[in-house]
Amino acid sequence: MVCVAASCGRQEGSKEENPVIEAIMSRRSIRKYQDKAVPRDLLAKIADCGIHAPNARNAQRWEVRIVDSPAFIDGVTKVFLAEKPEVAARNTFFKNVFRNAPAIICVAGQEGNFVDIDCGLMGQNMMLAAHSLGLGTCCLGGPVDLLTKSEAARPYYEALGFSEGYSLKYILAVGWPEEAPDARPRDAGKVRFVEFE
Ligand SMILES: Cc1cc2nc3c(=O)[nH]c(=O)nc-3n(C[C@H](O)[C@H](O)[C@H](O)COP(=O)(O)O)c2cc1C
């Protein structure tokens with residue numbers, strides 16, 4: 001049988017020898033975190049890895065805000081729970097609206113071609129850097145609407161201090177993992193070599 005799926009040679013669960021590939025393959029979205037602060041030098045290092053991602057014309061049309069203030073995280077969570085109290089009630093682990101993380105990294109981008117791609121590449125750099133440091137992450141789109149559209153959340157969004165013309169794209173939850181989930185399956189059939197002669 002000829003296998004054309006590009007990743008068909010990889011054994012599920014196998015340990016990669018290349019540390020970059022190992023990091024890519026072993027990263028998971030983490031939604032349970034320990035009650036333990038993330039040192040700021042690590043958060044700064046993660047963000048620095050983010051801004052070293054490739055970006056169109058090196059225009060760097062992004063801004064990054066790191067938040068580890070419990071007052072901010074708990075405050076936004078209160079706003080969320082006032083709107084959706086049932087979420088905490090049905091989730092016994094619920095600590096906060098940022099998938100229970102003690103720190104978040106908020107990424108905003110300007111309007112324009114390729115900015116979403118730039119911001120996404122930055123996000124993966126940050127998630128892999130965090131993972132390599134033993135930290136867990138989860139990319140969050142869910143709380144973006146809350147922060148940008150809820151009147152009650154406005155003081156928190158304003159506190160992020162993004163420049164005029166920038167809008168919040170996503171938030172990364174960051175913390176010390178308290179779970180080790182299995183990999184979510186991927187469809188290797190999405191990847192094909194093209195034979196053309
Ligand atoms: C743009 C984007 C938005 C996401 N938003 C959320 C979210 O709001 N809540 C959440 O729990 N996970 C969110 N995720 C995480 C995905 O659910 C996760 O990456 C996917 O299920 C694959 O799992 P893995 O990251 O463990 O490989 C988001 C991921 C991306 C890239």
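Worth saying up front: this structure is predicted, and the values here are computed from it rather than measured.

Definitions and cut-offs
- Residues numbered from 1 in each chain as written.
- Predicted model: local features only at pLDDT ≥ 70, side-chain atom pairs only at ≥ 80, totals over all residues.
- Heavy atoms only, no water.
- Helix = DSSP H or I, 4+ residues; strand = E, 2+ residues; numbered from the N terminus.
- Pairing = 2+ DSSP bridges.
- Axes fitted to C-alpha atoms, helices over the stretch in contact; angles between N-to-C directions.
- Buried < 20%, exposed > 50% of the residue type's maximum accessible area, 1.4 Å probe, protein only.
- Contact = heavy atoms within 4.5 Å.
- Near = heavy atom within 4 Å.
- Polar contact = N/O pair within 3.5 Å; in protein donor to acceptor, adjacent residues only side chain to side chain.
- Nonpolar A, V, L, I, M, F, W, Y, C, P; charged D, E, K, R; others polar.
- Phe/Tyr/Trp six-rings, centres within 6.5 Å; stacked < 30°, edge-to-face > 60°.
- Lys NZ or Arg CZ within 6 Å of the ring centre and 35° of its normal.

(A) Fine view of unusual backbone geometry. One non-glycine residue, Arg99, lies in positive phi territory at about 55°. By the secondary structure assignment, Arg99 is in the loop between α4 (86–90) and β2 (103–110). Positive phi, normally seen in glycine, also occurs at Asn100, with a value near 75°. Tracing the chain through its elements places Asn100 in the loop between α4 and β2.

(B) Layout of the sheet that holds strand β3 (residues 136–140). Read across the open sheet, the 4 strands follow the order β1-β2-β4-β3; overall the sheet is antiparallel. The open sheet has two free edges, formed respectively by β1 (62–67) and β3, since each of these has just one partner strand. If you compare each strand with its neighbour and ignore which way they point, the axes differ by 20° on average. Bridge count for β1 against β2 is 6 bridges, and the pairing is antiparallel.

(C) Fine view of the environment of Val38. Secondary-structure assignment places Val38 in the loop between α1 (19–26) and α2 (40–51). By relative accessible area, Val38 is classed as buried at 6%. Separated by 97 residues in sequence, Val38 and Leu135 have C-alpha atoms that sit 8.5 Å apart. Discounting chain neighbours no more than four positions away, the residues touching Val38 are Leu43, Pro102, Leu135, Val174, Gly175 and Trp176.

(D) Layout of the site of the ligand. Around the ligand, the surrounding shell consists of Arg27, Arg28, Ser29, Arg31, Arg99, Cys138, Cys139, Leu140, Gly141, Gly142, Arg184 and Arg186. One nitrogen or oxygen atom from the side chain of Arg31 is found 2.7 Å from an oxygen atom belonging to the ligand. Measuring from a nitrogen atom of the ligand, one finds a backbone N or O atom of Gly141 at 2.9 Å. The element contributing the most residues to the shell around the ligand is β3, with 3 residues. By residue class, the composition of the shell around the ligand is 3 nonpolar, 3 polar and 6 charged.

(E) Quick look at the environment of Ala53. Its place among the elements puts Ala53 in the loop between α2 and β1. For the pair Ala53 and Asn125, spaced 72 residues apart in sequence, the C-alpha separation works out to 6.4 Å. Among all residues touching Ala53, those that are not within four sequence positions of it are Trp62, Leu121, Met122 and Asn125.

(F) View of the packing of aromatic side chains. Counted under the stated rule, the structure contains 3 aromatic pairs. Taken together, a centroid distance of 5.5 Å and an interplanar angle of 90° make the contact between Phe72 and Tyr156 edge-to-face. Of the two residues, Phe72 sits in helix α3 (residues 70–83) while Tyr156 sits in helix α7 (residues 154–160), which places them 84 residues apart along the sequence. Here Tyr156 falls in the partly exposed class, since its relative accessible area comes to 22%. Between the aromatic rings of Tyr157 and Phe162, the centroid separation amounts to 6.2 Å while the plane-to-plane angle is 50°, which identifies the pairing as tilted. Since its relative accessible area comes to 15%, Phe162 is described here as buried. Directly above the aromatic system of Phe93 lies the positively charged group of Lys32, at a separation of 5.2 Å from the ring centroid. One Lys or Arg, Lys36, reaches over the ring of Trp176 and ends 4.7 Å from the middle of that ring.

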